[in-house]
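Breakdown of the fold
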Amino acid sequence: MQQIINFIIRNKNFLLFLLLFFVSIVFTIQSHSYHKSKFINSANFLSGGIYNSVNNISDYFNLKTQNQLLSEENNRLRALLFNSNINIDSTFTDTLSFGKSYKFYTANIIKNSYSLTDNILLINRGKKDSIKQDFGVITTQGIVGIIDKSSTRYSTVISILNTTSSISAGLKRTIHFGSLEWDGKDPQIIQLIDVPINANVKEGDTIVTSGQSSIFPKGIPIGTVLDFKNDIAENFYEINVKLFNDMTNLEHVYVIENMHREEINNLLNE
Amino acid sequence: MNNSVSGNIIRFLALVLVQVLIFNHVNFLGYINPYIYILFIAFFPVKNNRAILIFLSFLIGLSIDMFLDSGGIHAAASVFVAYIRPVILKPSFGTMYEHQSVRFSAIDFGSKVTYIAFLVFVHHFVLFSLEIFSITKILLILQKTLFSSIFTILLSVIISVIFSRDTK
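Residues numbered from 1 in each chain as written. Chains lettered and ligands numbered in written order. Predicted model: local features only at pLDDT ≥ 70, side-chain atom pairs only at ≥ 80, totals over all residues. Heavy atoms only, no water.

**Section: the interface of chain A and chain B**
Contact residues are listed per partner, giving 34 residues for chain A and 35 residues for chain B. Ranking the residues of chain A by area buried against chain B places Phe17(A), Ile40(A) and Ser115(A) at the top, with a combined share of 17%. The salt bridge partner of Lys111(A) is Asp69(B), with a shortest N-O separation of 2.9 Å. Counting the contacts that link chain A with chain B gives nine residue pairs in polar contact (both at pLDDT 80 or more). Residue assignment for the side of chain A that touches chain B shows that the elements contributing at least two residues are helix H2 (12-32), helix H3 (45-58) and strand E2 (118-123) of chain A. With 14 residues, the top contributor of residues to the side of chain A that touches chain B is H2(A). Split by residue class, the side of chain A that touches chain B holds 17 nonpolar, 14 polar and three charged. (Contact = heavy atoms within 4.5 Å. Buried area = accessible area lost by both parts, 1.4 Å probe. Salt bridge = Lys/Arg side-chain N within 4 Å of Asp/Glu carboxyl O. Polar contact = N/O pair within 3.5 Å; in protein donor to acceptor, adjacent residues only side chain to side chain. Helix = DSSP H or I, 4+ residues; strand = E, 2+ residues; numbered from the N terminus. Nonpolar A, V, L, I, M, F, W, Y, C, P; charged D, E, K, R; others polar.)

Now the structure itself:
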């Protein structure tokens, strides 16, 4: 017993190092597996609050470009609204969600990140605004990612620029689909893999979400085909997709809730 | 004693905030960021308890990880560097270290640069190995280590010159 205590006292620095290094490695391994990071994330009171107050100031620097983007979207939606014969009656608000399968929430990105291989963003909406895990996040131009952890006021988003993320997407022209992954290199270019060889891909084709998952609705734009090649087995395409979104400059985003998600998941898990 | 404790606390907080609010948004050439919080570990007084240094390094790394959502990579790299710091101190300062008389405010420029350079290289290599976490991407790890290290070393030397107390 005496010797054990002596050993511990003599090597206390080394043992402390081993313990703390082991703890950090456990956190690291957790962060590399999807939806597993438990303790250390930025959606807490302290880091969320600091990012939020700094973002209140830095917002002003790209106010002009963001306004431009939003007014362009307004313009597009207005054109859509007035050219289709939908009855617009602003005095009538439908408080029930009958027949609606997707619900949208607005949010602001308060921490952007694109230079790592596993990028995680932070938005200023949380459980208080009924944001939960596995809601989709998009901008006016394309998809951004999927909600991971929520605290009361903040949520972290697994960016599409994350090597652990995988989203079902396909060609707009045909119905063939594959999964969208990132190789960790260029923040403008993302990879679409496992597209069947008979899909007849052409350069410049538009890639949209496939609607196969319960997260994103069908047809949300992602990007265009930059180039493509067959994989080793020559049964599938590997496509480089140029994103519509500029992931380095994100501000206003929409969070999508699929109202039928639970039902779909229950059915799939049966 | 009290003065040095409060000084270290202020340095700790200042470096974390400066790191997460400014230096992580540099993104030079798309992905190169300096990690200057390592200065806290580099200039922690030598004669203080090593266990305290290792523990504080873990804390500073973990705070950075919390802000960056990076799991535990900064904590692991910081703890590693804090543990092997004596190994780097010895060749950088030679006899001065053996007499336990290294005072970071009174060392010459050349040995300061080599000391920081060694520390930063080891730190960044552990950091990017854990971030990328794949042996097949060893080239990407080395590339990121090299570029970020150069950037960090430059900034660290500049900062340590600006904030050094006595002017020789």
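Next comes the rest of the description.
**Observations regarding the pattern of salt bridges**
Residues and elements named next belong to chain A. What the rule picks out here adds up to six salt bridges over all chains. For aspartate 148, the salt bridge identified is with lysine 149, shortest N-O distance 3.7 Å. Of the charged contacts, one joins glutamate 238 and lysine 229 as a salt bridge, the two residues approaching to 3.2 Å between their closest N and O atoms. For glutamate 238, a relative accessible area of 31% gives the class partly exposed. (Buried < 20%, exposed > 50% of the residue type's maximum accessible area, 1.4 Å probe, protein only.)

**Focus: the packing of helix H3 (residues 50-68) of chain B against helix H4 (residues 73-93) of chain B**
Residue and element names in this part refer to chain B. Put simply, H3 and H4 touch, their axes get as near as 7 Å, and they point 160° apart. Comparing their axes, H4 and H3 come out roughly antiparallel. The element H3 and its partner H4 pack so that their crossing is right-handed. Side by side, H3 and H4 meet where Arg50, Leu53, Ile54, Ser57, Phe58, Gly61, Leu62, Ile64, Asp65 and Leu68 of the first sit next to Ile73, His74, Ala75, Ser78, Val79, Ala82, Tyr83, Arg85 and Pro86 of the second. Of the residues contributing to the contact of H3 with H4, the split by class is twelve nonpolar, four polar and three charged. (Axes fitted to C-alpha atoms, helices over the stretch in contact; angles between N-to-C directions. Parallel < 35°, antiparallel > 145°, perpendicular 65-115°, else oblique. Left-handed = near helix turned anticlockwise from the far one by under 90°.)

**Considerations on a nonpolar patch on the surface**
Residue and element names in this part refer to chain A. A grouping of Met1, Ile4, Ile5, Phe7, Ile8, Ile9, Phe14, Leu15 and Leu18 is seen on the molecular surface, where their side chains present a nonpolar patch of about 860 Å² in accessible area. For the nonpolar patch, the secondary structure elements donating two or more residues are helix H1 (2-10) and H2. If one sorts the elements of the nonpolar patch by residue count, H1 sits on top with five residues. Along the polypeptide, leucine 15 turns up in helix H2. Among the residues examined, leucine 15 registers a relative accessible area of 32% and is labelled partly exposed. (Patch = residues over 30% accessible without salt bridge, like charges linked within 9 Å, V, L, I, M, F, W, Y side chains within 5 Å. Areas by Shrake-Rupley, 256 points an atom, 1.4 Å probe, with all protein chains shown as cover.)

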